[in-house]
Amino acid sequence: MTGRLALLFVLVSAAAGRGQPADQPRVIHVSAERFAFTPSEITVDEGSVVELRLTSDDTDHGFKVHGLGDPNVVIPKRGRGDVRVTIEANEAGTYPFECSHVCGAGHGFMRGVIRVKPRTEARPK
């Protein structure tokens, strides 16, 4: 029985270790398509580093975030790969993002937000 418990512990430990390494950013996949981003609302913790992997399901799109380093990139059209943006969420708040490359009549509707949740302070006991 002890051998079976040890094997179970090894399997559970291996499964638990499959997550993102502590020094790696959290990866969030974002898809752009006329005329929306999916997801259009992203929530992260203050102090975290996040890598957005942006792809398009149709034509070229832009991606600009206001207030978090102001990245502004072009997302290549479907089948041409992705573009990656690293966000350092150092300050709690709501940061809008938008398509910054005119992509058609509904271009102005391609918007979203990144919400940075504040760190919770330890409460005295």
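1. Examining the side chain of D58
Stage number 1. On the secondary structure map, D58 appears in the loop between β4 (48-56) and β5 (61-65).
Stage number 2. Among buried charged residues, D58 stands out as having no salt bridge; its nearest opposite-charge side chain is R34, 4.5 Å away.
Stage number 3. Only 2.7 Å separates the side chain of D58 from the side chain of H61, close enough to count as a polar contact.
Stage number 4. Once you skip the residues sitting within four places of it in the chain, D58 turns out to touch A32, E33, R34, K77 and R78.

2. Let's talk about the sheet that holds strand β2 (residues 36-38)
Strand pairing in a sheet relies on backbone hydrogen bonds. The paired strands run either parallel or antiparallel.
Stage number 1. The strand order β2-β1-β4-β7 describes an open sheet built from four strands, whose pairing is mixed. Whereas interior strands pair on both sides, the edge strands pair on one side only; in this sheet they are β2 and β7 (83-89). For this sheet, the mean inter-axis angle between neighbouring strands, taken without regard to orientation, is 30°.
Stage number 2. Judged from the three bridges that link them, strand β1 (residues 26-33) and β2 form a sheet pairing that is antiparallel. Bridge pairing in β2 places E33 opposite A36.

3. Let's talk about the environment of R111
Stage number 1. Counting through the fold element by element, R111 comes out in strand β9 (residues 111-117).
Stage number 2. Spatially, the C-alpha atoms of R111 and E98 are 4.3 Å apart, while their sequence positions differ by 13 residues.
Stage number 3. For R111, the residues in contact, after removing those within four places along its chain, are F37, S40, F97 and E98.

4. Let's talk about the pairing of β5
Within a regular strand, side chains alternate between the sheet's two faces.
Stage number 1. Summarising burial for β5: four of the five residues are buried, a large majority.
Stage number 2. Relative to strand β6 (residues 72-75), β5 runs antiparallel, the two being bridged by four bridges. Its bridge partner lying in β6, F63 is registered against V73.
Stage number 3. Linking two consecutive strands that pair antiparallel, namely β5 and β6, is a turn of six residues; a positive phi of about 95° is found at G67 within it.
Stage number 4. Here β5 pairs with strand β8 (residues 93-98) via two bridges, running antiparallel. Considered in β8, the bridge of K64 is made with E98.

Conventions adopted
- Residues numbered from 1 in each chain as written.
- Predicted model: local features only at pLDDT ≥ 70, side-chain atom pairs only at ≥ 80, totals over all residues.
- Heavy atoms only, no water.
- Helix = DSSP H or I, 4+ residues; strand = E, 2+ residues; numbered from the N terminus.
- Buried < 20%, exposed > 50% of the residue type's maximum accessible area, 1.4 Å probe, protein only.
- Lys, Arg positive; Asp, Glu negative; His and termini not counted.
- Salt bridge = Lys/Arg side-chain N within 4 Å of Asp/Glu carboxyl O.
- Polar contact = N/O pair within 3.5 Å; in protein donor to acceptor, adjacent residues only side chain to side chain.
- Contact = heavy atoms within 4.5 Å.
- Pairing = 2+ DSSP bridges.
- Axes fitted to C-alpha atoms, helices over the stretch in contact; angles between N-to-C directions.

Remember, this is a structural readout, not a statement about activity or role.
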